[in-house]
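Structural description and commentary
The primary structure of each chain is shown beneath.
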Amino acid sequence: MSSKPHSDPVYKEKKIPKNPRKFNLSLNEEQKVAKEIILNNTVTVIKGKAGSGKSLLAAQVALDCLHKHSDGIEKVIIARPAITAGEDIGFLPGSKDDKMAPFSDPVYANMYRLDTKQNIDKLISDGLIEVIPIGFLRGWNFSKVFVIVDEAQNATQNQLELILGRLCIGSKIVICGDSAQIDLKKKADSGFDILYKHMKDIPGFATVSLQTNHRHPIVEDILEVFSELRA
């Protein structure tokens, strides 16, 4: 399986819109700084607690780049580990899209918060936005693609190495995760902290830590208690 050739209709050259994209939600100052970091680097790792807006930020930047055709971006791919939060839901019937629904729906929900459902569904039906299980990515080449790796704390070191090894010129990768939310049976298998701690000195590779809680204020206090108990 490989990325679509540029002769495919979805890869027709697009005109850069004259007006900036207006989203339903605005980024706060912390997220605006993070967005600039993403735009100025090839690979960015975003770390933050639950509710810090990691995935929403990545989606906003991806949609903005797709709309503006920034750096030649022609498609958005969201890669997610097919891991549940400690609950085995067993075999899922249906097509790949049916099987991926529990993992793709939260991604689409974020995008629906940013833009109209009609606009997002059109991008999905045109093949310009696609959610893919990490295990299906071997053989792909990310050319002129904005890749979001969501829930990356549940990706192994080998899986993250696989994704980064697909990167071609003209693409960006944003990797979102939270080390406190690892759902792997062996938490040590997660490769997220390896990227965050050991790759940041590579030119074009950046790390961002989001601190602001965008959910109910009580969430931050609850998560702090759980964190202290784990420690």
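Thresholds applied
Residues numbered from 1 in each chain as written. Predicted model: local features only at pLDDT ≥ 70, side-chain atom pairs only at ≥ 80, totals over all residues. Heavy atoms only, no water. Pairing = 2+ DSSP bridges. Helix = DSSP H or I, 4+ residues; strand = E, 2+ residues; numbered from the N terminus. Axes fitted to C-alpha atoms, helices over the stretch in contact; angles between N-to-C directions. 1 Å grid on protein atoms, 1.4 Å probe; cavity = no way out; pocket = protein on both sides within 12 Å on 5 of 7 lines; lining within 4 Å. Points joined across faces, edges and corners; volume = space filled by probe spheres on them. Nonpolar A, V, L, I, M, F, W, Y, C, P; charged D, E, K, R; others polar. Salt bridge = Lys/Arg side-chain N within 4 Å of Asp/Glu carboxyl O. Buried < 20%, exposed > 50% of the residue type's maximum accessible area, 1.4 Å probe, protein only. Core = buried A, V, L, I, M, F, W, Y, C linked by side-chain atoms within 4.5 Å. Contact = heavy atoms within 4.5 Å.

**Digging into the sheet that holds strand β6 (residues 205-210)**
- The strand order β3-β2-β4-β5-β1-β6 describes an open sheet built from six strands, whose pairing is parallel. The open sheet has two edge strands with one neighbour each: β3 (129-133) and β6. Averaged over all adjacent pairs, the angle separating strand axes in this sheet is 20 degrees, with direction ignored.
- For strand β4 (residues 145-149) and strand β5 (residues 172-177), the ladder comprises four bridges, and the chain directions are parallel.

**Quick word on empty space enclosed by the protein**
- Inspection of every chain in the model, using the stated rule, returns one cavity of 30 Å³ or more.
- Here the largest cavity defines a volume of roughly 50 Å³.
- Lining the largest cavity, in full, are Ser55, Ala59, Ile78, Val107, Asn110, Ile148 and Asp150.
- Those elements that provide at least two residues to the lining of the largest cavity are α2 (54-68) and α3 (96-114).
- Looking at the lining of the largest cavity residue by residue, the classes come out as four nonpolar, two polar and one charged.

**Here we look at the pattern of salt bridges**
- Counted by the stated rule, this structure contains nine salt bridges.
- Across the salt bridge formed by Lys75 and Glu130, the nearest N and O atoms sit 2.9 Å from each other. Here the residue Lys75 occupies a position in strand β2 (residues 75-80), and Glu130 occupies one in strand β3, the gap between them amounting to 55 residues.
- On the basis of relative accessible area, Glu130 is assigned to the buried category, the value being 19%.
- Among the salt bridges present, the one from Asp126 reaches Lys122, with a minimum N-O distance of 2.6 Å.
- Judged by relative accessible area, Lys122 falls into the partly exposed class, the value being 48%.
- Several salt bridges share partner residues, and in doing so they unite Lys35, Asp64 and Lys68 into one network.

**A short note on the nonpolar core**
- Ile129 and Phe146 are the most contacted members of the largest nonpolar core, which has 32 residues in total.
- Among all residues touching Phe146, those that are not within four sequence positions of it are Ile38, Ala58, Val61, Ala62, Cys65, Ile73, Lys75, Val76, Ile77, Lys172 and Val174.
- In terms of nonpolar packing, the next biggest core, distinct from the first, is built from 22 residues, Val43, Val145, Ile175 and Leu195 among them.

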